Amino acid sequence: GDYAARNGFEYVFKIDDDVYGFTGRYGARSNEQRAREKLQLALTEIEHALDTNPLLGAVGFPYHNELYEEKTWGNVNSRLQTCYVIRTRFVPLPPDAFEWSDFAHTLRVRGAGFATIRYGAAMNCCPVGGTSGGAQDFNRKRLAEASREAFMRLWPGLQWKTTTHAWGIEPDFRRTKGLGNG
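Computed from a prediction, not measured in an experiment: that's the story for all the values here.

Chemist: In this structure, what is going on with the confidence of the model for the chain? I would like to understand it.
Modeler: Any residue range with low pLDDT should be treated as having predicted coordinates unsuitable for detailed reading. On average, residues of the chain carry a pLDDT of 80, and 75% of them reach 70 or more. Put simply, strand 7 (residues 124–125) is where the chain has its lowest mean pLDDT, 58, and strand 3 (residues 56–60) is where it has its highest, 96.

Chemist: Can you walk me through the sheet that holds strand 6 (residues 115–120) in this structure?
Modeler: Two strands in a sheet stick together by hydrogen bonds in their backbones, pointing the same way (parallel) or opposite ways (antiparallel). The five strands are arranged 1-5-3-6-4 in an open sheet whose pairing can be described as mixed. For this open sheet the edge positions go to strand 1 (11–15) and strand 4 (71–74), each flanked by a neighbour on one side alone. Adjacent strand axes in the sheet meet at a mean angle of 20° when their direction is disregarded. Pairing of strand 4 with strand 6, which is carried by three bridges, proceeds in the antiparallel orientation. Paired with Gly-74 across the strands is Arg-118, a residue of strand 6. Taken strand by strand, helix 2 (residues 32–52) contacts strand 1, strand 3, strand 4, strand 5 (83–87) and strand 6, and its axis lies near 165° from that of strand 3. Strands strand 1, strand 3, strand 5 and strand 6 of the sheet are contacted by helix 3 (residues 101–111), whose axis makes an angle of about 35° with strand 5.

Chemist: What is the right way to look at the side chain of Glu-170 in this model?
Modeler: Among the structural elements, Glu-170 can be located in strand 9 (residues 169–171). Relative accessible area serves as the criterion here: at 10%, Glu-170 is assigned to the buried category. Within the local environment of Glu-170, its side chain forms a polar contact with the side chain of Trp-167, the two groups lying 3.1 Å apart. Beyond its immediate chain neighbours, meaning those up to four positions away, Glu-170 contacts Trp-100, Phe-103, Gln-159, Trp-160, Lys-161, Thr-163 and His-165.

Reading guide: rules and limits
Residues numbered from 1 in each chain as written. Predicted model: local features only at pLDDT ≥ 70, side-chain atom pairs only at ≥ 80, totals over all residues. Heavy atoms only, no water. pLDDT = per-residue confidence, 0-100. Helix = DSSP H or I, 4+ residues; strand = E, 2+ residues; numbered from the N terminus. Pairing = 2+ DSSP bridges. Axes fitted to C-alpha atoms, helices over the stretch in contact; angles between N-to-C directions. Contact = heavy atoms within 4.5 Å. Buried < 20%, exposed > 50% of the residue type's maximum accessible area, 1.4 Å probe, protein only. Polar contact = N/O pair within 3.5 Å; in protein donor to acceptor, adjacent residues only side chain to side chain.

The structure is reproduced here in structure tokens:
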């Protein structure tokens, strides 16, 4: 975020370190040229949406197998996850909130009165959490506990749930009041 702000970038494309590509609907892989064209179109349309909607804080892509229908826009105020374009001003996070940057970015955007939306025109992030490298090489359960403490301090009303993922717990936006998730 600091680099982007210092260099005048209005938006940051955040992509998890273990994402290995984008696919079409139901995981159908596009050839490299078609995937490049789809991504360029997506980024152009997302930039236009952010430029023309001053209360739009971020645009996410569907997570693995969430591209149920190929529609450009949907899921208003859904949480950001894995891959998204976000206004630069929302990127900086406390260092101890590292483990769930996507949750923290959602809370920053929504807490400032801005909206999130999903872009789903034939784009679908490949699955995360199952490959090696990046955050996968750390003790994610320990990082999750440290991040939970930071989240509780920053967002005291946040609800929590257990998960089968390696980190064991995560914020529960569905049970947290005041996020406009209805």
